[in-house]
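Topology and contacts: notes
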Amino acid sequence: MLYNQKQIIELLLKNDAEIEALSNNYTTLMFAAYQGHSEIVKLLLQYGANAAFKNSSNQTALSLAKLQKVAGKTDQYNAIIEMLKQAGAV
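Throughout, a residue's number is its position along its own chain's written sequence, starting from 1. Residue-level local features of this predicted model are given only where pLDDT is at least 70; pairs of side-chain atoms are given and counted only at 80 or more, and the full residue set underlies all totals for whole chains, interfaces and linings. Only heavy atoms go into the side-chain values, all of them from the structure, while hydrogens and water stay out.

1. Description of the pattern of salt bridges
Put simply, a salt bridge is a Lys or Arg side-chain nitrogen that is within 4 Å of an Asp or Glu carboxyl oxygen. Scanning the model with the defined rule gives 1 salt bridge in all. Lys6 is paired through a salt bridge with Glu39; the nearest N and O atoms lie 3.6 Å apart. Of this pair, Lys6 sits in helix H1 (residues 6-14) while Glu39 sits in helix H3 (residues 38-46), and the two are 33 residues apart along the sequence. In this structure Lys6 comes out as partly exposed when scored by relative accessible area, which is 29%. Classification of residues uses two cut-offs on accessible area relative to the type maximum, computed with a 1.4 Å probe and protein chains only: under 20% is buried, over 50% is exposed, and between them is partly exposed. The class of Glu39 is partly exposed, set by a relative accessible area of 40%. Here a helix means four or more residues in a row that DSSP labels H or I, a strand means two or more in a row labelled E, and each is numbered from the N terminus.

Right, dumping it as structure tokens:
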């Protein structure tokens, strides 16, 4: 999905890309959080991504990151979970 393409995402954001656009019911923030891309999560939050956004399945970026943490990838997701909580995710 994102394959850690921070520069491309930043270019799109600088050119007014829709930060909350959905693809397959997920925002870019949700994809980044689920896939463990902490630098992209940080970038999206800096550009105003809504950490509390819920999709039609009632999922948030935080809930998706927590799913991965439960799957045994704790170190990779702790920073993401903390960033999302600081940005208002519940």
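2. Describing the nonpolar core
As a rule of thumb, nonpolar side chains are buried together in soluble globular proteins. Counting residues in hydrophobic clusters, the biggest one holds 23 residues, and the most contacted among them are Leu29, Ala33, Val41, Leu44, Ala65, Ile80 and Leu84. Secondary structure elements with two or more residues in this core: H1, helix H2 (28-35), H3, helix H4 (61-70) and helix H5 (74-86). The contact criterion used throughout is that any non-hydrogen atoms of two residues lie within 4.5 Å. Not counting residues within four places of it along the chain, the set of residues in contact with Ala65 comprises Ala33, Tyr77, Ile80, Ile81 and Leu84. Grouping buried Ala, Val, Leu, Ile, Met, Phe, Trp, Tyr and Cys residues that are joined through side-chain atoms within 4.5 Å yields what is termed a nonpolar core.

3. Looking at the packing of H4 against H5
Here an angle of 0 to 180 degrees is reported between the N-to-C directions of two axes, which are lines fitted to C-alpha atoms, with helices fitted over the stretch in contact. It is the contact of H4 with H5, at a shortest axis distance of 9 Å, that shows an interaxial angle of 160°. The orientation of H4 with respect to H5, classified from their angle, is roughly antiparallel. Crossing of H4 against H5: the hand is left-handed. Each of Ala61, Leu62, Ala65, Lys66, Gln68 and Lys69 in H4 lies in contact with H5, whose residues at this interface are Thr74, Tyr77, Asn78, Ile80, Ile81, Leu84 and Lys85. Amino acids outside the nonpolar list (Ala, Val, Leu, Ile, Met, Phe, Trp, Tyr, Cys, Pro) and the charged list (Asp, Glu, Lys, Arg) are all regarded as polar, and Gly is one of them. Residue composition of the contact of H4 with H5, grouped by class: 7 nonpolar, 3 polar and 3 charged. Between 65 and 115 degrees an angle is taken as roughly perpendicular, under 35 as roughly parallel, over 145 as roughly antiparallel, and anywhere else as oblique. The sense of a crossing depends on the near helix, which, turned anticlockwise from the far helix by less than a right angle, makes the crossing left-handed and, turned clockwise, makes it right-handed.

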